[in-house]
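Coordinates in review
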Amino acid sequence: MSLYDHSPAGRPADPFADAEVVLDVDGLVKHFPLTQGIIFQRKIGAVKAVDGVSFQLRKGETLGIVGESGCGKSTLAKLLMRLEEPDEGSIRFGGEDFLAVKGEELRKLRRKIQVIFQDPYTSLNPRMSVGDIIGEPFRLHPDAKPAQGIRPRVKELLDLVGLNPDHINRYPHQFSGGQRQRIGIARGLALNPEVIICDEPVSALDVSVQAQVMNLLEDLQSELGLSYIFIAHDLSVVRHISDRVGVMYLGKLAEIGTEQEIYQAPAHPYTQALLSAVPVPDPTLRGQREQIVLKGDPPNPANPPSGCRFRTRCWMATDLCETQVPELITRPGITQQAACHYAKANEDVTA
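Residues numbered from 1 in each chain as written. Predicted model: local features only at pLDDT ≥ 70, side-chain atom pairs only at ≥ 80, totals over all residues. Heavy atoms only, no water.

1. Regarding the pattern of salt bridges
This structure, assessed with the given rule, holds 13 salt bridges. Among the ionic pairs, Glu 61 bridges to Arg 244, the shortest N-O distance being 2.5 Å. In this pair, Glu 61 sits in the loop between strand E2 (42-58) and strand E3 (62-66) while Arg 244 sits in strand E9 (residues 244-249), placing the two residues 183 residues apart along the sequence. Judged by its relative accessible area of 8%, Arg 244 falls in the buried class. Notably, a salt bridge pairs Glu 156 with Arg 153, separated by 3.2 Å at the nearest N-O pair. (Salt bridge = Lys/Arg side-chain N within 4 Å of Asp/Glu carboxyl O. Helix = DSSP H or I, 4+ residues; strand = E, 2+ residues; numbered from the N terminus. Buried < 20%, exposed > 50% of the residue type's maximum accessible area, 1.4 Å probe, protein only.)

2. What about the sheet that holds strand E12 (residues 337-338)?
Taken in spatial order, the eight strands line up as E6-E7-E8-E3-E9-E10-E12-E11 in an open sheet, and their pairing is mixed. Each of the sheet's edge strands pairs with one partner strand only, and the pair in question is strand E6 (113-116) and strand E11 (329-330). When E11 meets E12, the two strands line up antiparallel, connected through two bridges. Considered in E12, the bridge of Ile 329 is made with Ala 338. (Pairing = 2+ DSSP bridges.)

3. Some words on a nonpolar patch on the surface
Nonpolar side chains collect at one region of the surface, where Ile 38, Ile 39 and Phe 40 lie side by side and expose about 470 Å² of accessible area between them. By the element assignment, Ile 39 lies in the loop between strand E1 (21-36) and E2. A residue is classified by how much of its surface remains accessible, and Ile 39, at 70% relative accessible area, is exposed. (Patch = residues over 30% accessible without salt bridge, like charges linked within 9 Å, V, L, I, M, F, W, Y side chains within 5 Å. Areas by Shrake-Rupley, 256 points an atom, 1.4 Å probe, with all protein chains shown as cover.)

These results come straight from atomic positions and should not be treated as a statement about function.
Take a look at the structure:
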């Protein structure tokens, strides 16, 4: 039996269900070839980092992406930025085919999708002042140069992220980790993007500073109408900031739904196991939740199991899981989707 209530009754509606779709990802695939030999390299396989991922991001929404290390989260971020080119699939940004544009058109479209990196200690050039770091996007995109000039705009951005504009001539080593991440956020905002990809932006920070940075991101989203893809491995962080959550396992989406659906009624066994491992701060409630301990290690992404990729660690696996790949399926009345044969058989779902 599941540890969670799967009834759709009383579920809050998705507040972004009718919002404009700004990013539409369909069937995204990225395999990295494995070769053998030094001179005459021979392909012996491929790491299936991202293998058929589909989702939509709506205006003003935050989509959280969670999963174990090596599940493909960061590769997905690189594909969305076109830092890596996908092998298959499509990415549509504002209705435009993002994978079809090249040259100057690509450079202009990239302004609308920016990124905040994980480590504020390595993502900032130590030889550049804060003013040069935040102003660098304007030098790469001279046609986007602000009318008032680069330096006044940089000061505005510093003030926007809660830093002293008078510190524009300081260098990264003169700031704390949280302040450095605010500099990274200011750089990401420079070109007035519509979508920001946050690749584990608070994982390198202290817990108290994490809360400050996440609150800043939420305030900026409300003020500027931004859409976020928030990649992280900390489920409590993702719950705090996300409107919808996608759970990845070995390059595939195991489940996706609203924050309430995923955290209150997870349908996929992998999601249930992840949530059961989250620490419970109230000691009186700790005994009320059974912790699910997964057996074994994650399979090799270069040689994933047949059928359902989670079946080798799943306590609900059947013969069907070994032979058929489960597709993301939707249950009536809710937006939550789960790629699980067990969920389909026991929750009266429809394809």
